[in-house]
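Chain by chain, the residues run as shown.
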Amino acid sequence: MEEYAREPCPWRIVDDCGGAFTMGAIGGAVFQTIKGFRNAPSGMNRRFLGSLAAVKERAPVIGGNFAVWGGMFSTIDCTLVHLRKKEDPWNSIISGAATGGILAARSGPAAIAGSAFIGGVLLALIEGVGILFTRLSAEQFKPINPQMEDPSQLGPSPHSPFGAQQHYQ
């Protein structure tokens, strides 16, 4: 089974950081559009302006938070690939747990443990679903081994124009 080729590690970190920023900014814009619309004073014009203001204020911040998470995750993942000399799902799971713990470091040991546990569990679920889909999709591309049958050993075919009648030679 052939995996898709990934970028080398220094570029992977930058790529993942940018992708995470984009996802956070787009998701944040959608969320802040709804939130700004609901919290604005009545009147459609005011609601649209409130929505736009909320997006301009908060979407870049949310994108930045996602970028920090993505950059840290990718850095830890690349470090683990370098240290362990192999790429497997354990690298992602450990990276998710470490990223969650590091980002919660200012909140104390209980928050570190909780965030690390949640990060590890989430990445384990993501990796598990990825493996499941890979295995399910691999079944449809499995080669079929055709069995060659000797036609002289077969009796009359029920689908032949003669039906179940005997063939005379």
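Quick caveat, the model's predicted, so the values are computed rather than measured.

J.: Got a minute to help me understand the overall build of the protein in this structure?
T.: The number of helices and strands found in the protein is 4 helices and 0 strands. Counting from the amino terminus, helix and strand elements in the protein follow one another as α-α-α-α. Sequence-distant contacts, at least 24 apart, represent 51% of the contacts inside the protein between residues at least 6 apart. Here the protein displays about 12,800 Å² of accessible surface, and carbon together with sulfur accounts for 65% of that area.

J.: What is the right way to read the UniProt feature "transmembrane region" (unreviewed entry) in the protein from this model?
T.: Sequence positions flagged by UniProt for "transmembrane region" (unreviewed entry) are, in local numbering, residues 110-133. Along residues 110-133 the backbone is 100% helical and 0% strand, and the end-to-end C-alpha distance reaches 35 Å.

J.: So what exactly am I meant to see when it comes to the packing of helix α3 (residues 89-103) against helix α4 (residues 109-139) here?
T.: Helix-helix packing is characterised by the crossing angle of the two axes and by the distance between the axes. At a minimum axis distance of 6 Å, the contact between α3 and α4 shows a crossing angle of 150°. The orientation of α3 relative to α4 falls into the category roughly antiparallel. With respect to the hand of their crossing, α3 and α4 are arranged in right-handed fashion. Residues Pro89, Ser92, Ile93, Gly96, Ala97, Gly100 and Gly101 of α3 pack against Ile112, Ser115, Ala116, Gly119, Gly120, Leu123, Ala124, Glu127 and Ile131 of α4. Broken down by class, the residue content of the contact of α3 with α4 amounts to 8 nonpolar, 7 polar and 1 charged.

J.: Looking at this structure, how should I read the packing of helix α2 (residues 44-84) against α3?
T.: Across the interface, α2 lies against α3 with an axial gap of 8 Å and an inter-helix angle of 135°. One element, α2, and the other, α3, form an angle in the oblique class. For α2 against α3, the interelement crossing comes out right-handed. Contacts from Val68, Trp69, Met72, Phe73, Ile76, Asp77, Leu80, Val81 and Arg84 in α2 reach Trp90, Asn91, Ser92, Ile94, Ser95, Gly96, Ala98, Thr99, Ile102 and Leu103 in α3. Broken down by class, the residue content of the contact of α2 with α3 amounts to 12 nonpolar, 5 polar and 2 charged.

The rules behind these values
- All residue numbers refer to position in the chain's written sequence, counted from 1.
- Residues qualify for local features only when their pLDDT is at least 70, as the model is predicted, and side-chain atom pairs are given and counted only at 80 or more; totals for whole chains, interfaces and linings, by contrast, use all residues.
- Each side-chain value is derived from all of the structure's non-hydrogen atoms; neither hydrogens nor water enter the calculation.
- Each helix is a run of H or I in the DSSP string that is no shorter than four residues. Each strand is a run of E no shorter than two, and both are numbered from the N terminus.
- We call two residues contacting when some pair of their heavy atoms lies within 4.5 Å.
- The Shrake-Rupley method, run with a 1.4 Å probe sphere, supplies the accessible areas, and residue values consider only the shown protein chains as cover.
- UniProt positions are given in the numbering used here, feature names are shortened, and annotations may be inferred rather than shown by experiment.
- The axes used here are C-alpha line fits, helices contributing only the stretch in contact, and every angle between their N-to-C directions lies in the interval 0 to 180 degrees.
- Just so you know how the angles are binned, under 35 degrees is roughly parallel, over 145 roughly antiparallel, 65 to 115 roughly perpendicular, and the rest oblique.
- What makes a crossing left-handed is the near helix being turned counterclockwise from the far one by less than a right angle; a clockwise turn instead makes it right-handed.
- Polar here means any residue outside two lists: the nonpolar Ala, Val, Leu, Ile, Met, Phe, Trp, Tyr, Cys and Pro, and the charged Asp, Glu, Lys and Arg; Gly therefore counts as polar.

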